[in-house]
Amino acid sequence: MKRLSALLIAPALIAACSQSAESDGPVLSYEDAFIMAPIAGRDVTMGGIEISVEGVSVTLTGAISDIAGTVEMHTMEMNDGTMQMRPVETFEIADGETLTLERGGNHLMFFGLVEDLSAGETANISFSFETETGETLTLEAEAELRAQGE
């Protein structure tokens with residue numbers, strides 16, 4: 001009887017091991033992806049997102065979008081009451097952490113908007129990452145276009 005139960009359990013253990021081996025890679029996810037609808041006559045706007053990673057630390061190395069010629073990542077600091085934005089090449093995201101890009105903080109800037117954009121529409125943003133071992137990862141996000149002031 002013990003031998004039969006061991007034979008019945010073995011396939012379940014093998015299946016469990018193969019499932020965990022397949023899911024050992026990094027998992028990137030996002031929430032609250034948005035782009036501000038641009039002010040009339042302007043071809044620049046900002047956006048944000050919350051990106052989480054599980055399984056490995058990553059470096060966000062860039063972003064592109066179907067609505068802009070260029071997407072830059074920016075930091076924002078207040079110095080003597082003046083907002084100072086600066087483009088950066090990368091953002092680090094540690095395993096288990098979330099990077100928040102938002103109004104009034106680190107954010108995305110979209111330059112050379114390719115069309116008139118209205119609140120309520122959506123746009124795609126593709127984010128590129130690199131792991132510590134040099135592996136390249138991509139996260140595709142659908143961003144909501146929000147009206148100014150939202």
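Residues numbered from 1 in each chain as written. Predicted model: local features only at pLDDT ≥ 70, side-chain atom pairs only at ≥ 80, totals over all residues. Heavy atoms only, no water.

Asks: Is there a simple way to explain unusual backbone geometry in this structure?
Replies: Both trends apply: most residues other than glycine have a negative phi, and most peptide bonds are in trans. Its identity is not glycine, yet D32 carries a phi of approximately 50°, on the positive side. The residue D32 is located in strand β1 (residues 27–36) in this model. Exposure remark for D32: the relative accessible area of 40% places this residue in the partly exposed category. We note that D80 has phi near 50°; this positive angle belongs to a residue other than glycine. Within the fold, D80 resides in the loop between β4 (68–79) and β5 (82–88). D80 gets classed as exposed once you look at its relative accessible area, which sits at 82%. (Helix = DSSP H or I, 4+ residues; strand = E, 2+ residues; numbered from the N terminus. Buried < 20%, exposed > 50% of the residue type's maximum accessible area, 1.4 Å probe, protein only.)

Asks: Explain a nonpolar patch on the surface to me, please; I cannot follow it from the model alone.
Replies: On the surface, M78, M83 and M85 cluster together into a nonpolar patch covering about 320 Å² of accessible area. Turning to its location among the elements, M83 is positioned in strand β5. (Patch = residues over 30% accessible without salt bridge, like charges linked within 9 Å, V, L, I, M, F, W, Y side chains within 5 Å. Areas by Shrake-Rupley, 256 points an atom, 1.4 Å probe, with all protein chains shown as cover. Salt bridge = Lys/Arg side-chain N within 4 Å of Asp/Glu carboxyl O.)

Asks: Just checking my understanding: could you explain the layout of surface pockets for this structure?
Replies: Empty space among the atoms becomes apparent when a probe as large as a water molecule is rolled across them. As a volume, the largest pocket reaches approximately 290 Å³. Elements that contribute at least two residues to the lining of the largest pocket include exactly β2 (44–54), β5 and β8 (107–113). Here the lining of the largest pocket gets three residues from one element, more than from any other, and that element is β2. Across the lining of the largest pocket, the residue classes tally to nine nonpolar, four polar and three charged. (1 Å grid on protein atoms, 1.4 Å probe; cavity = no way out; pocket = protein on both sides within 12 Å on 5 of 7 lines; lining within 4 Å. Points joined across faces, edges and corners; volume = space filled by probe spheres on them. Nonpolar A, V, L, I, M, F, W, Y, C, P; charged D, E, K, R; others polar.)

Asks: How should I be thinking about the pattern of salt bridges in this particular structure?
Replies: Close approach of charged atoms allows side chains with opposite charge to pair. Tallying each qualifying case throughout the model produces two salt bridges. Here R146 makes a salt bridge to D32, at a shortest N to O gap of 2.3 Å. Here R146, found in strand β10 (residues 136–146), pairs with D32, found in strand β1; they are 114 residues apart in sequence, far enough to count as distant. By relative accessible area, R146 is classed as buried at 16%. The salt bridge involving E144 is made with R146; its shortest N-O contact spans 3.4 Å. On the basis of relative accessible area, E144 is assigned to the partly exposed category, the value being 36%. Connected via shared salt-bridge partners are D32, E144 and R146.

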